[in-house]
Amino acid sequence: MAETIPIGADHAGFEMKERLVKELRALGFEPLDVGTHSPDSVDYPDYAHQVAERVSEGTDARGILLCGTGLGMSYAANRHAGVRAAVAWTPEIAHLAREHNDSNVLVLPSRFLSDEESVAILKEWLSTPFAGGRHARRVAKIEEITSHG
Ligand code: RB5
């Protein structure tokens, strides 16, 4: 069965999201498009929370978000336990976000990327495994703060 990948964007990321939804389907994934569904102005946390909640609760293993800079989406998504939302603006950063940081949400800064760049970043992020080892220890330490209250 195809892996479901939730994807969301605000108005700044809307057009690029439409493109990436098609790309995900072409790659054999089942995109779950949580919106937005038009270029009208919306609030990015409304979409970040929907995608991040699914990843945090384990409904889906990974998700994708887009906004103008990638920053607002990442701030909101990273409030969810166990979510590691990485803003990536090159395939190399996407690669390292997976290999070293076990990123489970990819955030794309749509106003600073061409469609071609966004597809290259998406493909790199989807196909790169986590390296584990010393990186697993470091990623585990990210979560320690939550147990300190
Ligand atoms: C929307 O204008 C813009 O603020 C938003 O897409 C994002 O860049 C916020 O972080």
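So, a few notes on the structure that sits alongside this text. (Residues numbered from 1 in each chain as written. Predicted model: local features only at pLDDT ≥ 70, side-chain atom pairs only at ≥ 80, totals over all residues. Heavy atoms only, no water.)

Side note on the sheet that holds strand β3 (residues 63–67)
- Read from one edge of the open sheet, five strands run β2-β1-β3-β5-β4, paired in parallel fashion. The sheet is open, and its two borders are formed by β2 (30–35) and β4 (85–87), each paired with just one other strand. Sheet twist, expressed as the mean angle between neighbouring strand axes with direction ignored, is 20°.
- Here β3 runs beside strand β5 (residues 105–109); their pairing, made up of five bridges, is parallel. (Pairing = 2+ DSSP bridges. Helix = DSSP H or I, 4+ residues; strand = E, 2+ residues; numbered from the N terminus. Axes fitted to C-alpha atoms, helices over the stretch in contact; angles between N-to-C directions.)

Describing the pairing of β3
- For β3, a buried count of five out of five residues is recorded, marking the element as mostly surrounded by other parts of the structure.
- Burial of β3 is two-sided: the residues Gly63, Leu65 and Cys67 facing one way and the residues Ile64 and Leu66 facing the other way are all buried.
- Here strand β1 (residues 4–9) pairs with β3 via three bridges, running parallel. Considered in β3, the bridge of alanine 9 is made with leucine 66. (Buried < 20%, exposed > 50% of the residue type's maximum accessible area, 1.4 Å probe, protein only.)

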